Amino acid sequence: FGVGSSFVGLPGDISPPSRFVRAAFYVNSAPTYKTTVEAVSEAFHILNNFDIPIGSEFNEKSHIVADLPSATQWTTAVDLTNAFLYYKTMHDSTIKRVNVRKVDMNVGNERSMKLGNDKFSFQEVDVNERGNLRPRLVNTLGSHINFLPLM
């Protein structure tokens, strides 16, 4: 069967029970890491397996609600030791980190905070005349946002 044969028989649909079975398998088969950064990276690699694309749970596409997708809207991982919350959103897969110790928890009323601009972006990589890679960040329209010089 080759590499990955231990996955044979695991449920593969997007129902919550199937996703939880696969998550338990991934978590229990993951190596132990020495650093938080490695562990958070592994957590997001595992969690990426459970993103539900918009509309995938509907046979009839007219049921898809534009303003409230039932797809994965955000993914989080928490470093309990250092009080950091890591997250990414459905339209921006850049992982962001919040120092929870800096959040005022004494506010009397519930409040919400915007998770970011939630705009899809990508990094274009050009090759210069010497064959070196030259990355630049662009948004969904392809316009230039920021130039990152070669080091």
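This text follows the structure it describes.
Remember, predicted model here, so these are calculated numbers, not experimental data. (Residues numbered from 1 in each chain as written. Predicted model: local features only at pLDDT ≥ 70, side-chain atom pairs only at ≥ 80, totals over all residues. Heavy atoms only, no water.)

K.L.:
When you look at unusual backbone geometry in this model, what are you seeing that I'm missing?
P.N.:
As a rule of thumb, non-glycine residues mostly have phi less than zero, and peptide bonds are mostly trans rather than cis. In this model, Ala 83 sits at a positive phi of 60°, which is unusual for a non-glycine residue. Among the structural elements, Ala 83 can be located in the loop between β1 (74-79) and β2 (84-89). The class of Ala 83 is buried, set by a relative accessible area of 16%. (Helix = DSSP H or I, 4+ residues; strand = E, 2+ residues; numbered from the N terminus. Buried < 20%, exposed > 50% of the residue type's maximum accessible area, 1.4 Å probe, protein only.)

K.L.:
Sorry if this is basic, but what is going on with the side chain of Arg 22 here?
P.N.:
Mapped onto the elements, Arg 22 comes out in helix α1 (residues 16-29). No salt bridge is formed by the buried Arg 22; the nearest opposite charge belongs to Asp 13, separated by 5.5 Å. Here Asp 13 takes part through its backbone oxygen, which lies 3.0 Å from a polar atom of the side chain of Arg 22. (Lys, Arg positive; Asp, Glu negative; His and termini not counted. Salt bridge = Lys/Arg side-chain N within 4 Å of Asp/Glu carboxyl O. Polar contact = N/O pair within 3.5 Å; in protein donor to acceptor, adjacent residues only side chain to side chain.)

K.L.:
What am I meant to see in the nonpolar core here?
P.N.:
One finds Val 40, Phe 44, Ala 77, Phe 84 and Tyr 86 forming the largest nonpolar core, which totals five residues. Those elements that place two or more of their residues in this core are α2 (36-47) and β2. (Core = buried A, V, L, I, M, F, W, Y, C linked by side-chain atoms within 4.5 Å.)

K.L.:
How do you make sense of the side chain of Thr 75 when you look at a structure like this?
P.N.:
Within the fold, Thr 75 resides in strand β1. Looking at Thr 75, the relative accessible area reads 9%, which means it is buried. In contact with Thr 75, other than residues within four places in its own chain, are Phe 44, Leu 47, Asp 51, Tyr 86, Tyr 87 and Lys 88. (Contact = heavy atoms within 4.5 Å.)

K.L.:
Would you take a moment to explain the sheet that holds β1 for this structure?
P.N.:
As a general point, the strands of a sheet are linked pairwise by backbone hydrogen bonds and lie either parallel or antiparallel. In spatial order, the strands read β1-β2-β3; together these three strands make up an open sheet with antiparallel pairing. Two strands lie at the open edges of the sheet, namely β1 and β3 (92-99), each paired on one side alone. Between one strand axis and the next, the sheet turns through 20° on average, direction left out of account. Judged from the five bridges that link them, β2 and β3 form a sheet pairing that is antiparallel. In the strand pairing of β3, Tyr 87 is matched with Lys 96. (Pairing = 2+ DSSP bridges. Axes fitted to C-alpha atoms, helices over the stretch in contact; angles between N-to-C directions.)

K.L.:
Looking at this structure, how should I read the packing of aromatic side chains?
P.N.:
Any two aromatic rings considered together are summarised by their centre-to-centre distance and by the angle between their planes. Inspection of the entire model under this criterion finds three aromatic pairs. For the ring pair Tyr 26 and Phe 50, a centre distance of 6.0 Å and an interplane angle of 65° mean the geometry is edge-to-face. Of this pair, Tyr 26 sits in helix α1 while Phe 50 is found in the loop between α2 and β1, placing the two residues 24 residues apart along the sequence. By relative accessible area, which is 11% here, Phe 50 ends up buried. Following the ring pairs from residue to residue traces out a cluster consisting of Phe 25, Tyr 26 and Phe 50. Its end group placed over the ring of Phe 84, Arg 97 keeps NZ or CZ at 3.9 Å from the ring centre. (Phe/Tyr/Trp six-rings, centres within 6.5 Å; stacked < 30°, edge-to-face > 60°. Lys NZ or Arg CZ within 6 Å of the ring centre and 35° of its normal.)

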